[in-house]
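Coordinate analysis (summary)
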Amino acid sequence: MSLLTADRDMEAAETLLKASPHLYESIGFHCQQATEKYIKAVLVASSLPAPFIHDLTKLLLPLIQANLIQFSQQDLVEATILNEFGVELRYETDDAPGYTSADLLTMATRFQTKLRPLAQAFLI
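The next thing to look at is the pattern of salt bridges. Counted according to the given criterion, the structure contains five salt bridges. For Glu36, the salt bridge goes to Lys40, with nearest N and O atoms at 2.9 Å. Here Glu36 pairs with Lys40, and both are found in helix α2 (residues 24–45), just four residues apart, close to one helical turn. Lys40 matches Glu36 in its accessibility class, with the two residues each being buried.

Right, here's the structure in full:
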């Protein structure tokens, strides 16, 4: 699993945040996609199954069960928030979120910081 596509999703989210921070649905989508790809990279690199699902909390479970990495309750809350952008919030909504586009990028960056080095270490 290439980390390049996850990195590109992060770059897209960062670029959108700078240019158009009001596009939180698109920013959130790239943040969710990047996080999903980082999780799946760690799963594949550590020889664990990487199911074809998009639910970040379900994807994190094998990593937790294998004691590969620890996730806080806040991490799980943020994974749940990012999950909303996998499909649900790709479509226009009148509901204003309780977080900003910058918050979404911060969440994804925390997952990137935890997961990317672990995936990279397994892939080397």
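Following the criterion strictly, the structure yields three aromatic pairs and no others. Ring centres of Tyr24 and Phe85 lie 6.4 Å apart, and the angle between their planes is 85 degrees; this geometry places the pair in the edge-to-face category. Of the two residues, Tyr24 sits in helix α2 while Phe85 sits in the loop between α4 (73–83) and α5 (101–123), which places them 61 residues apart along the sequence. For the pair Tyr24 and Phe85, a shared accessibility class is recorded, and that class is buried. Measuring from ring centre to ring centre gives 6.4 Å for Phe71 and Phe111, while their planes differ by 40 degrees; the resulting arrangement is tilted. Of this pair, Phe71 sits in the loop between α3 (56–65) and α4 while Phe111 sits in helix α5; the two residues are 40 residues apart in sequence, bridging distant segments of the chain. Taken as a pair, Phe71 and Phe111 share a single burial class, namely buried.

Here α3 crosses α4 at 145 degrees, and the two axes come no closer than 8 Å. Of α4, the residues touching α3 (which contributes Leu56, Thr57, Leu60 and Ile64) are Leu76, Ala79, Thr80, Leu82 and Asn83. Counted by class, the contact of α3 with α4 contains six nonpolar, three polar and no charged residues.

The geometry of a pair of packed helices is captured by two quantities: the angle between their axes and the separation between those axes. Where α2 contacts α3, the axes come no closer than 10 Å and their chain directions differ by 25 degrees. Comparing the axis directions of α2 and α3 gives the class roughly parallel. Crossing of α2 over α3 shows left-handed handedness. Across the interface between the two elements, Gln32, Thr35, Glu36, Ile39, Lys40, Val42 and Leu43 from α2 touch Leu56, Leu59, Leu60, Pro62 and Leu63 from α3. Across the contact of α2 with α3, the residue classes break down as eight nonpolar, two polar and two charged.

As a further point, take the nonpolar core. If you look at the biggest cluster of nonpolar residues, it comprises 32 residues, and the most contacted ones within it are Cys31, Ile39, Leu63, Leu104 and Leu115. Going through the elements one at a time, α1 (4–19), α2, α3, α4 and α5 are the ones with two or more residues in this core. Examining the composition of this core, we find that nine residues originate from one element, α2, more than from any other. For Ile39, the residues in contact, after removing those within four places along its chain, are Leu56, Leu59, Leu60, Leu63 and Leu115.

Reading the values: the criteria
Residues numbered from 1 in each chain as written. Predicted model: local features only at pLDDT ≥ 70, side-chain atom pairs only at ≥ 80, totals over all residues. Heavy atoms only, no water. Salt bridge = Lys/Arg side-chain N within 4 Å of Asp/Glu carboxyl O. Helix = DSSP H or I, 4+ residues; strand = E, 2+ residues; numbered from the N terminus. Buried < 20%, exposed > 50% of the residue type's maximum accessible area, 1.4 Å probe, protein only. Phe/Tyr/Trp six-rings, centres within 6.5 Å; stacked < 30°, edge-to-face > 60°. Axes fitted to C-alpha atoms, helices over the stretch in contact; angles between N-to-C directions. Contact = heavy atoms within 4.5 Å. Nonpolar A, V, L, I, M, F, W, Y, C, P; charged D, E, K, R; others polar. Parallel < 35°, antiparallel > 145°, perpendicular 65-115°, else oblique. Left-handed = near helix turned anticlockwise from the far one by under 90°. Core = buried A, V, L, I, M, F, W, Y, C linked by side-chain atoms within 4.5 Å.

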